[in-house]
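# Topology and contacts: notes
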Amino acid sequence: MPRGKTKTRTTRDELEMSLSEDDLISGLMEIQGRNVEVVAFGIAYSGVLKEINVRQGYVTVADGEDLAALEFERIESYRLLE
């Protein structure tokens, strides 16, 4: 290993978190542009799933002029309303 570089170990929890987040993103991408209900912070947000920003780590749900930007890690569940 080159000098100054340290090898970090990925814990089991981190691995499970990244796998579950990948599943979340994949599932959301399949229903982007459709009416959804996303539960985050214990609150249900209903509207059109407008944006999935993987780089910044959030989704945008729009209900008319109202927008909610929700971080991936705060999303507890989601479902398609159609």
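We now turn to the structure provided with this report. Being a predicted model, the structure only gives us computed values, none of them experimental.

### Let's talk about the pattern of salt bridges
Per the counting criterion, the structure on display carries two salt bridges. E71 serves as the salt-bridge partner of R74, at 3.9 Å between the closest nitrogen and oxygen. Look at R74 and you get partly exposed, because its relative accessible area is 42%.

### So, the sheet that holds strand β2 (residues 43–53)
Overall, antiparallel pairing links the five strands, which are arranged β4-β3-β2-β1-β5 in an open sheet. Two strands close off the open sheet at either side, each with one partner strand: β4 (66–71) and β5 (75–80). Taken over all neighbouring pairs, the strand axes of this sheet differ in orientation by 40 degrees on average, direction set aside. Relative to strand β3 (residues 58–63), β2 is paired through five bridges, and the arrangement is antiparallel. The residue of β3 that forms the bridge with I52 is V59.

Each value, and the rule that gives it
- Residues numbered from 1 in each chain as written.
- Predicted model: local features only at pLDDT ≥ 70, side-chain atom pairs only at ≥ 80, totals over all residues.
- Heavy atoms only, no water.
- Salt bridge = Lys/Arg side-chain N within 4 Å of Asp/Glu carboxyl O.
- Buried < 20%, exposed > 50% of the residue type's maximum accessible area, 1.4 Å probe, protein only.
- Pairing = 2+ DSSP bridges.
- Helix = DSSP H or I, 4+ residues; strand = E, 2+ residues; numbered from the N terminus.
- Axes fitted to C-alpha atoms, helices over the stretch in contact; angles between N-to-C directions.

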